[in-house]
Amino acid sequence: MALATRGEPVYGEPTADGWRRWDPHRSKLGAMLELGLDTGFEAGDGVLYLGAASGTTVSHVADVAGPTYAVEFAPRPVRDLLTVCESRPNLFPLLADARQPASYGHVVEANLDVIVQDVATTGQATVALENARFLAPDGRLLLSIKARSEDVTREPSAVFEEALETLESSYEVLGTRKLDPFHEDHLAVVATPRAPPAE
Ligand SMILES: C[S@@+](CC[C@H](N)C(=O)[O-])C[C@H]1O[C@@H](n2cnc3c(N)ncnc32)[C@H](O)[C@@H]1O
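- For the protein, the name recorded in an unreviewed UniProt entry is Fibrillarin-like rRNA/tRNA 2'-O-methyltransferase, with Halodesulfurarchaeum formicicum as its organism.
- Under the UniProt heading Subunit (unreviewed entry), the entry covering the protein gives this text: "Interacts with nop5. Component of box C/D small ribonucleoprotein (sRNP) particles that contain rpl7ae, FlpA and nop5, plus a guide RNA."
- Reading the Sequence similarities (unreviewed entry) entry of the UniProt record for the protein gives the comment "Belongs to the methyltransferase superfamily. Fibrillarin family."

Here it is in structure tokens:
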């Protein structure tokens, strides 16, 4: 059965009876779900989405989730994202830098169920660490690491290893999966916040 959500179409995806096909070639989270990764993402979840771009994936997320905060720092895609939000009252666009969570900390609620991260920037693991403050203790980070955004000259496996090592300081990694054949040189990571050490 094909992955699909109910909502207004956004990127020319095929639709039938109000359902819109979630294209795993256009979406890292779609690829994670298509590949059977255990994401823990459930209907009604509160979500922080980092790297929303013009809303391809976050539109599907908002079709299923509860409050969904969509962070994107490039003004051009945010203009398209605003249109995507018009038919989705639970989707909140934020023109902000995911490396500066304090700039949206007053808007985004705490104890969210899920962070989805797909930011094309260096320091992707650090971005995940900095945004961990928004996750509930049993929440899930659904991170897609793009090797080429870190260093085009390095072997992707070395980039992934280093990113996982960085993540381990604040997260317990529950699963990883390369996103081939949908996305080359991307590693999907499912992780949950580490409990703070007992005093
Ligand atoms: C691969 S695209 C995201 C695609 C989108 N997640 C989707 O599936 O529909 C990566 C996005 O990350 C955004 N980005 C990169 N660095 C960022 C940052 N520091 N803060 C917020 N957005 C950032 C880029 O502008 C770009 O739109």
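Back to the text.
## Some words on unusual backbone geometry
Here's step 1: Note that the residue after D180, namely P181, is joined by a cis bond; omega there is 5°.
Here's step 2: Of note, P181 is situated in the loop between β9 (171-178) and β10 (186-193).
Here's step 3: Look at N111: it is not a glycine, yet its phi comes out positive at around 60°.
Here's step 4: Position of N111 among the secondary structure elements: in the loop between β6 (91-95) and β7 (112-117).
Here's step 5: Looking at N111, the relative accessible area reads 52%, which means it is exposed.
Here's step 6: Its identity is not glycine, yet D185 carries a phi of approximately 55°, on the positive side.
Here's step 7: By the secondary structure assignment, D185 is in the loop between β9 and β10.

## Section: the site of the ligand
Here's step 1: Taken together, 19 residues lie near the ligand, and Y49, G51, T57, E72 and D97 sit nearest.
Here's step 2: Within the side chain of D97, one N or O atom sits 2.8 Å away from a nitrogen atom of the ligand.
Here's step 3: A120 has a polar backbone atom sitting 3.5 Å from an oxygen atom of the ligand.
Here's step 4: Taking 600 Å² as the accessible area of the ligand by itself, protein coverage stands at 86%.

## Considerations on empty space enclosed by the protein
Empty space among the atoms becomes apparent when a probe as large as a water molecule is rolled across them.
Here's step 1: Going through the model one piece at a time under the given rule, you end up with one cavity of 30 Å³ or more.
Here's step 2: Reported here for the largest cavity is a volume of approximately 40 Å³.
Here's step 3: Lining the largest cavity we find S27, K28, L29, M32, Y49, T57, V116, Q117, D118, L142 and S144.
Here's step 4: Of all the secondary-structure elements, those providing two or more residues to the lining of the largest cavity are α1 (28-34), β7 and β8 (135-146).
Here's step 5: With three residues, the top contributor of residues to the lining of the largest cavity is α1.

About the thresholds
Residues numbered from 1 in each chain as written. Predicted model: local features only at pLDDT ≥ 70, side-chain atom pairs only at ≥ 80, totals over all residues. Heavy atoms only, no water. UniProt positions renumbered as here; feature names shortened; annotations may be inferred. Helix = DSSP H or I, 4+ residues; strand = E, 2+ residues; numbered from the N terminus. Buried < 20%, exposed > 50% of the residue type's maximum accessible area, 1.4 Å probe, protein only. Near = heavy atom within 4 Å. Polar contact = N/O pair within 3.5 Å; in protein donor to acceptor, adjacent residues only side chain to side chain. Areas by Shrake-Rupley, 256 points an atom, 1.4 Å probe, with all protein chains shown as cover. 1 Å grid on protein atoms, 1.4 Å probe; cavity = no way out; pocket = protein on both sides within 12 Å on 5 of 7 lines; lining within 4 Å. Points joined across faces, edges and corners; volume = space filled by probe spheres on them.

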